[in-house]
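# Fold and geometry: a report
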Amino acid sequence: MWQLENMEKSITFIQNMPKVELHLHIEGTLEPEMMMQLSKQNGVEIPYLTIEEIRKAYQFSDLQSFLDIYYAGAKVLLHEDDFFDLTFAYLQKMHQENCRHVEIFFDPQTHTSRGVPIKIVINGISNALKKGKEEFGISSHLILSFLRHLSEEDAIKTLNEALPYKDKITAVGLDSSEKGNPPSKFISVFELARKEGLLTLAHAGEEGPAGYIWQAIQELHISRIDHGVHCSEDANLIDYLEKTRLPLTVCPLSNVKLRVFDTVEQHNIKELLDQGLCVTVNSDDPAYFGGYLTENYIAIAKGLHLKPQDILKLASNSIEASFLSQEEKGDLQAELEECYNSVISRDSY
Ligand code: HPA
Ligand code: ZN
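Given the structure is predicted, the values throughout are model-derived calculations rather than measurements.

With that settled, consider the pairing of strand 5 (residues 199–204). A regular strand places its side chains so that they alternate between the two faces of the sheet. Of all six residues making up strand 5, five are buried, and the element is well covered by its neighbours. Bridge analysis of strand 4 (residues 171–175) against strand 5 gives two bridges, and the strand direction is parallel. Within strand 5, the position partnered with Ala 171 by the bridge is Leu 199. Regarding topology, helix 9 (residues 187–195) serves as the crossover connection from strand 4 to the parallel strand 5, and that connection is right-handed. Bridge count for strand 5 against strand 6 (residues 224–227) is four bridges, and the pairing is parallel. By the bridge assignment for strand 6, Leu 201 is matched with Arg 224.

This next bit is on the state of the cysteines. One pass over the structure, following the stated rule, counts zero disulfides. No disulfide involves Cys 278; its nearest neighbouring cysteine sulfur is the one of Cys 231, lying 12 Å away.

On to the packing of aromatic side chains. Summed over the entire model, instances satisfying the criterion amount to 14 aromatic pairs. Pairing Phe 66 with Phe 289 gives two aromatic rings, centres 4.8 Å apart and planes at 50°, and the pair type is tilted. Placement of the pair is Phe 66 in helix 4 (residues 63–73) and Phe 289 in helix 14 (residues 286–289), with a sequence separation of 223 residues. Aromatic side chains Tyr 70 and Tyr 71 sit 5.2 Å apart centroid to centroid with 55° between the ring planes, which places their arrangement in the tilted category. Both residues of the pair, Tyr 70 and Tyr 71, belong to the buried class. Following the ring pairs from residue to residue traces out a cluster consisting of Tyr 58, Phe 60, Phe 66, Tyr 70, Tyr 71, Tyr 288 and Phe 289. When the ring centre of Phe 88 is taken as reference, the NZ or CZ atom of Lys 131 above it lies at 4.4 Å. A cation over a ring is seen here: Arg 224 above Phe 323, with NZ or CZ 4.3 Å from the ring centre.

Another point: the coordination of the zinc ion (ligand 2). Surrounding the zinc ion (ligand 2) are the protein donor atoms His 23 (NE2), His 25 (NE2), His 203 (NE2) and Asp 284 (OD), at 2.0 to 2.2 Å. Of note is the zinc ion (ligand 2), whose four donor atoms meet at the metal with angles of 82 to 173° in an arrangement that counts as irregular. Donor residues binding the zinc ion (ligand 2) come from one chain and are separated in sequence as H-x1-H-x177-H-x80-D. Taken together, the residues span a long stretch of sequence, with His 23 in strand 1 (residues 19–25) and His 203 in strand 5 at a distance of 180 residues.

Conventions we followed
Residues numbered from 1 in each chain as written. Chains lettered and ligands numbered in written order. Predicted model: local features only at pLDDT ≥ 70, side-chain atom pairs only at ≥ 80, totals over all residues. Heavy atoms only, no water. Buried < 20%, exposed > 50% of the residue type's maximum accessible area, 1.4 Å probe, protein only. Helix = DSSP H or I, 4+ residues; strand = E, 2+ residues; numbered from the N terminus. Pairing = 2+ DSSP bridges. Right-handed = clockwise from strand over helix to strand, strands pointing away. Disulfide = S-S within 2.5 Å. Phe/Tyr/Trp six-rings, centres within 6.5 Å; stacked < 30°, edge-to-face > 60°. Lys NZ or Arg CZ within 6 Å of the ring centre and 35° of its normal. Donors = N, O, S within 2.8 Å, 3.2 Å for Na, K, Ca; no water. Tetrahedral: all angles 85-135°; square planar, octahedral: opposite > 155°, others 65-115°.

Below you can see the structure in the form of structure tokens.
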């Protein structure tokens, strides 16, 4: 009973606290309803007859089995309005979850390879982000992510196409099939991006080894690691991440859906938190993995028996790891603390 009451309090805290999302692929917010609607509207065939059929297809055995379905789904996105509607629908959800700041990825090559100009993609997404700020007060940064299964030449071409819109982009990232596509494949394009004043991020250590995380740090000079859960294989790396507080954007429900961990109970985020790492909670591709930000927090709170202080630390880490200014970080940290004090009475744990 005591435990049940305290879990209820933790859930209320999760629901009410001001949140930050740092690892979200906008194409991964395409809900089956919108996929079906755009498929009809744009005359793009998808291999499903009903919304239920789409949902049923979302059973994945690993990263690649997900990516195949994810890239097929993204084909329904053609027009600037499609990218706008997709992004704005995500921001409406985030507003309901009291999310205050988002840093989101988009994959231009998924669209330019189908003949959709990068301008359409960037304008659709960034106009929705602007409206999200005006209507909901949600601040944002946009991150251009390269597909690592494609060549570095293709990534360089994509960077050059994006440069006229550089004022709308904060950083470049690296996603898609990790195994066999190490960070070292992209040293030159990341160097070019840094010379243009862009920050750098990379997915590393999701399915790949701890060595890929070292490469992202040493060769791509990243500001954060996306996923990074395989760092636990390497004690020196854990030590480095603890000392530098280089953040990891962890995505619990994604990791379970893609079988990085068999169950949420086996996830290592609590262990990494206890080791002093700057781990954060994120949703990755929520339309495919069964939960947005709040659901990711609740899943680990329950599965890993998190204390309210653990949840507070995770939420605080996300503010620390964001690209917000020091002043904005301070304001949000104060609000988070206030929410913690009002929901969790100090003597209950
Ligand atoms: N990993 C790699 N690439 C991706 C992912 C992911 O979790 N989601 C979308 N692209
Ligand atoms: Zn991701």
